Amino acid sequence: MTAVVGDGSANYSVTGLWTAAQYDVPVVFVIMRNSVYGALRWFAGVLEAEHVPGLDVPGIDFVAIAAGYGLEAVRVETDDAFAAAFAYALKAGRPSLIEVATAWRTPLFRRQRR
């Protein structure tokens, strides 16, 4: 089982790592780290809201958090490193986390005029 979530959204459910560790759920958490709460930044853009505070989330170390909850965790920077870490985590059959470096890109959105 795999759970893919952004680093901003992960803050709402980070204790799911503890649950997975306590009940030995064989899940691989993949945290997409871009240091931005992307969903809210996107909504702010759709609503044309400027200067919304709290959308940047730099410096969160999900590898350390996961390790603190008892999961194996690794940070990767390349596609090859991710593929190796993901294959290892799937074979391990226990809860683990992979933090993946990504870049923020604004999703395309066309606002319809009325």
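Because the structure is a prediction, the values reported are computed rather than measured. (Residues numbered from 1 in each chain as written. Predicted model: local features only at pLDDT ≥ 70, side-chain atom pairs only at ≥ 80, totals over all residues. Heavy atoms only, no water.)

Once that is clear, we can look at helix H3 (residues 38–46). Every buried residue of H3 is accounted for by Gly38, Ala44 and Val46. One or two positions beyond H3, positive phi appears at Glu48, with a value near 55°. (Buried < 20%, exposed > 50% of the residue type's maximum accessible area, 1.4 Å probe, protein only. Helix = DSSP H or I, 4+ residues; strand = E, 2+ residues; numbered from the N terminus.)

What follows is about the nonpolar core. Ranked by size, the top nonpolar core spans 11 residues in total: Ala10, Leu17, Ala20, Val27, Phe29, Ile31, Phe62, Val63, Ala66, Leu71 and Leu97. For this core, the secondary-structure elements that each account for two or more residues are helix H2 (16–22), strand E2 (28–33) and helix H4 (62–69). The element that contributes the greatest number of residues to this core is H4, accounting for three residues. In this structure, Ala10 is in contact with Val5, Ile31 and Phe62, ignoring residues within four places of it in sequence. Within the second largest apolar cluster, seven residues are counted, among which are Val28, Val76, Ile98 and Val100. (Core = buried A, V, L, I, M, F, W, Y, C linked by side-chain atoms within 4.5 Å. Contact = heavy atoms within 4.5 Å.)

On to the pattern of salt bridges, then. As enumerated under the stated definition, the model contains five salt bridges in all. The salt bridge partner of Arg94 is Glu72, with a shortest N-O separation of 2.2 Å. Of this pair, Arg94 sits in the loop between helix H5 (79–92) and strand E4 (96–101) while Glu72 sits in strand E3 (residues 72–76); the two residues are 22 residues apart in sequence, bridging distant segments of the chain. Taking relative accessible area as the criterion, Glu72 reaches 32% and is therefore assigned partly exposed. The network of salt bridges with common partners includes Arg33, Asp61, Arg75, Glu77 and Glu99. (Salt bridge = Lys/Arg side-chain N within 4 Å of Asp/Glu carboxyl O.)

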